[in-house]
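Architecture and fold: a report
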Number of protein chains: 2
Amino acid sequence: MFVSSNRNKYKEVNSVLFSGGIVVEYHNMQILEMQSNSLKQIAEEKSKAAYSKLSRPVLVEDDGLFIDYLNGFPGQYSAYVYKTIGNSGILKLLEGVLVRCASFISVFAFYDGKSPYCFLGKTHGRISTAIRKGGWGFDGIFIPDRCDSTFGELHQLKKKELFSHRTKALDKFKKWYLTN
Amino acid sequence: MFVSSNRNKYKEVNSVLFSGGIVVEYHNMQILEMQSNSLKQIAEEKSKAAYSKLSRPVLVEDDGLFIDYLNGFPGQYSAYVYKTIGNSGILKLLEGVLVRCASFISVFAFYDGKSPYCFLGKTHGRISTAIRKGGWGFDGIFIPDRCDSTFGELHQLKKKELFSHRTKALDKFKKWYLTN
């Protein structure tokens, strides 16, 4: 059971796991998160909270966009920052900035009542100078390394999975799950 | 016992409460906060966490700067936003913006093992167009209504207390505490 309030995430999760022969259901639920510097800690706590409500094995994710020039901002608060200042706010903060390195990091936590297992995926890249179409969240301004398209443009071409931090984390989960 | 990892807050708390005849000690401790839209909820949970560690009546605070044009950003994540993009980041986000209304909101929670009591203080104002000296955190860019000085400048003049959201919340706490 993938637990999240973001259906876009579920679509990506389902696409990656289904191709590996894993069927994952979706439970739309907002879980209160803790404030922490660690995506892993946030994901672990979320997985326990979700399990305690559903009493079924759960998979949750916490992810964030970490921009070097902004000392890691928006990081673990990416969802909140997207909702308030959005892509245009990020571009304004980077106006005139040449070194626009950033990373998208995803941590999945799987919990079945014993102890949570975490899986991390990371994609390096840079922030575009304008908002481009496609995708959701910060997809429209993030260009992964070895690429000239944003996550949003790759999403439209159905190629985001090839570069996605989420896919990298899910591939680790998939491997672990199928051998355990 | 005032529990916080921010000694600047303690100085302000002590100053206000001491003048009301309340002696408050300082315990420097970082308490993990939850991510929530509600300062009250964050403060309540923090007070319970602090009490469970110290087993003594505790007072904690959560505060934030809410900027209208930025949909309330940085709000409940003010400490994190200050550490990453700082005052200069906020000014960059407001470049060219004329309506610069903002509020500083403070919520104190007192907990002695029964149920938490909360006290809210709010100061309306605006964001300056340049960073000015004095104070700490976002003090250097916040000008309270009916004033031409920032919180930082007022702090230097020992007049911040007259306008402070924190004082307003503490005055409510003081009144309640002394009658209970």
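As shown above, the structure is provided for reference.
Residues numbered from 1 in each chain as written. Chains lettered and ligands numbered in written order. Predicted model: local features only at pLDDT ≥ 70, side-chain atom pairs only at ≥ 80, totals over all residues.

1. What about the overall build of chain A?
Definition in use: Going along the chain from the N terminus, every DSSP run of H or I of four or more residues is numbered as a helix, and every run of E of two or more is numbered as a strand. The size measure is the radius of gyration over C-alpha atoms, and the globule rule it meets is 2.2 Å times the number of residues to the 0.38 power. Exposure is read from a count of other C-beta atoms within 10 Å of each residue's own; the residue is exposed at 12 or fewer, buried at 20 or more and partly exposed in between. C-beta atoms are placed from the backbone. By the convention adopted here, residues are in contact when the distance between their C-beta atoms, placed from the backbone, does not exceed 7 Å.
In terms of regular secondary structure, chain A is built from six helices and eight strands. Each helix and strand of chain A, placed in order from N terminus to C terminus, yields the pattern β-α-β-β-α-β-β-α-α-β-β-β-α-α. Over its C-alpha trace chain A gives a radius of gyration of 16 Å, about what one expects of a compact globule, namely 16 Å for 180 residues. Dimensions of chain A along its principal axes, counting C-alpha atoms only, are 50 × 35 × 25 Å. Taken across its 180 residues, chain A has 44% of its residues classed as buried. In chain A, 57% of the contacts between residues at least 6 apart in sequence involve partners at least 24 apart.

2. What to know about the nonpolar core
As a reminder of what qualifies: In this usage, the nonpolar core is the set of buried Ala, Val, Leu, Ile, Met, Phe, Trp, Tyr and Cys residues whose C-beta atoms join them within 7 Å.
The biggest cluster of nonpolar side chains holds 84 residues, and the ones touching the most others in it are Phe108(A), Phe142(A), Phe108(B) and Phe142(B). If we skip the residues at most four places from it in the chain, Phe108(B) touches Ala43(B), Leu59(B), Glu61(B), Cys118(B), Phe119(B), Ala169(B), Leu170(B) and Phe173(B).

3. Quick look at the interface of chain B and chain A
Basically, it comes down to this: Residue classes follow a fixed rule: Ala, Val, Leu, Ile, Met, Phe, Trp, Tyr, Cys and Pro count as nonpolar, while Asp, Glu, Lys and Arg count as charged, and any other residue, Gly among them, counts as polar. Only strands joined by at least two bridges in the DSSP assignment are considered to pair.
In this complex, chain B contributes 17 residues to the contact, which on the side of chain A involves 17 residues. Put simply, the parts of the chain that give the side of chain B that touches chain A at least two residues each are β3 (33–35), α3 (78–84) and α4 (86–93) of chain B. Of the residues that constitute the side of chain B that touches chain A, the class distribution is eight nonpolar, six polar and three charged. Alignment of strand β3 (residues 33–35) of chain A against β3(B), held across three bridges, turns out to be antiparallel. What sits directly across from Gln35(A), in β3(B), is Glu33(B).

4. Some points on the relation of the copies chain B and chain A
Test applied: C-alpha atoms of residues with pLDDT of at least 70 in both copies form the basis for the least-squares superposition of the copies.
Rotating chain B by 180° and moving it 0.0 Å along the rotation axis overlays it on chain A with an RMSD of 0.0 Å. A rotation of that kind, with that shift, is consistent with a two-fold axis. Scanning chain B for the C-alpha nearest the rotation axis identifies Met34(B), at a separation of 1.8 Å. A share of 100% of the interface residues of chain B reappears at the interface of chain A, consistent with the copies meeting face to face through the same patch.

5. Structural notes on the environment of Phe18(B)
The topology assignment puts Phe18(B) in helix α1 (residues 7–18). Residues Phe18(B) and Lys174(B) lie 156 residues apart in sequence; the distance between their C-alpha atoms is 9.9 Å.

6. Structural notes on the environment of Gly137(A)
By secondary structure assignment, the location of Gly137(A) is in the loop between β7 (117–127) and β8 (142–144). With 21 C-beta atoms counted inside 10 Å, the residue Gly137(A) sits in the buried group.

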